[in-house]
Amino acid sequence: MSKTPIIPIEPTAKALIFDMDGTLINTIESHFEAWMVACGKYGVQFTMEYFFTLTGVPPIQISKQLVEKFKMDVDVHQLYTEKEAIVKEKLKDIKLIKPVADLVHQYHGKLPLAVGTGSVRKLALELLENAKLLHLFDHIITSDDVDNYKPHPETFLKCAELMNVSPAYCQVFEDGKLGIQAGHAAGMMVTDVKPYYEQTIWN
């Protein structure tokens, strides 16, 4: 088996901010499959490629976009509730994205660490706890804590504010296009973690 790739830390970084879904924890396929089941009841299917464009968007907003795009005959909140019930079962088997999780363990206690996620707080805390990562972070910012979602920089700027570190000295780790845009908009150093994935996380 190949050695886990090491993700570099910028020399000027004074704080590290991590996205969660698809960055720290391999949840993307579980969320996609849950949306497929929920939307399938209403005759709608879409590709993984399209779903990747929604990475970082809070689930209630994804529900709204799907209902509008595909003209689905279902209430936005009902579709969201149905999807969340399905994904709750799928997320019981937590799989870490090792090269990213390794960074968290390596820099815990050395640099301030935060999570900036589009997930709702209840689910984010549950996932991080199950993944044995929650205690390693100084702050968790979720979609419940902001008015503007990624690609708006608010999520990451709140992390920086809580850590009392200037955005220019924060390094963001992301897998989604919207999150990467949010990191740049916040004036932070941004690392796309996808090139560091081990292929085994998708098997």
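Calculation criteria
- Residues numbered from 1 in each chain as written.
- Predicted model: local features only at pLDDT ≥ 70, side-chain atom pairs only at ≥ 80, totals over all residues.
- Heavy atoms only, no water.
- Buried < 20%, exposed > 50% of the residue type's maximum accessible area, 1.4 Å probe, protein only.
- Helix = DSSP H or I, 4+ residues; strand = E, 2+ residues; numbered from the N terminus.
- Pairing = 2+ DSSP bridges.
- Contact = heavy atoms within 4.5 Å.
- Expected span 1.5 Å × (residues − 1).
- Arc of directions from axis to C-beta.

> Just checking my understanding: could you explain the pairing of strand 2 (residues 113-116) for this structure?
Taking every second residue as pointing to the same face, both faces of strand 2 are buried, with Leu113 and Val115 on one and Ala114 and Gly116 on the other. One ladder, built from 3 bridges, connects strand 1 (residues 15-18) with strand 2; its direction is parallel. Looking across to strand 2, one finds that isoleucine 17 is bridged to alanine 114. Sheet topology places strand 2 next to strand 3 (residues 139-141); 3 bridges connect them, and they run parallel.

> Sorry if this is basic, but what is going on with the environment of valine 115 here?
Locating valine 115 in the fold gives a position in strand 2. Using a relative accessible area of 0% as the deciding quantity, one classes valine 115 as buried. For the pair formed by valine 115 and methionine 36, sequence separation is 79 residues and the distance between their alpha carbons is 27 Å. Leave out the neighbours within four places in its chain, and valine 115 touches Phe18, Met20, Leu24, Leu128, Phe137, His139, Ile140, Ile141 and Cys159.

> Looking at this structure, I do not really get helix 3 (residues 59-70). What am I missing?
It helps to recall that an α-helix has 3.6 residues per turn; residues three or four apart then point in one direction. In this model, helix 3 (12 residues) spans 16 Å end to end at C-alpha, consistent with the 16 Å of a helix rising 1.5 Å per residue. For helix 3, the set of buried residues is Pro59, Ile62, Ser63, Leu66 and Val67. For helix 3, the angular spread of buried residues about the axis comes to 130 degrees, placing them on one side. In this structure, the buried side of helix 3 is in contact with helix 1 (28-40), helix 2 (48-52) and helix 4 (76-90).

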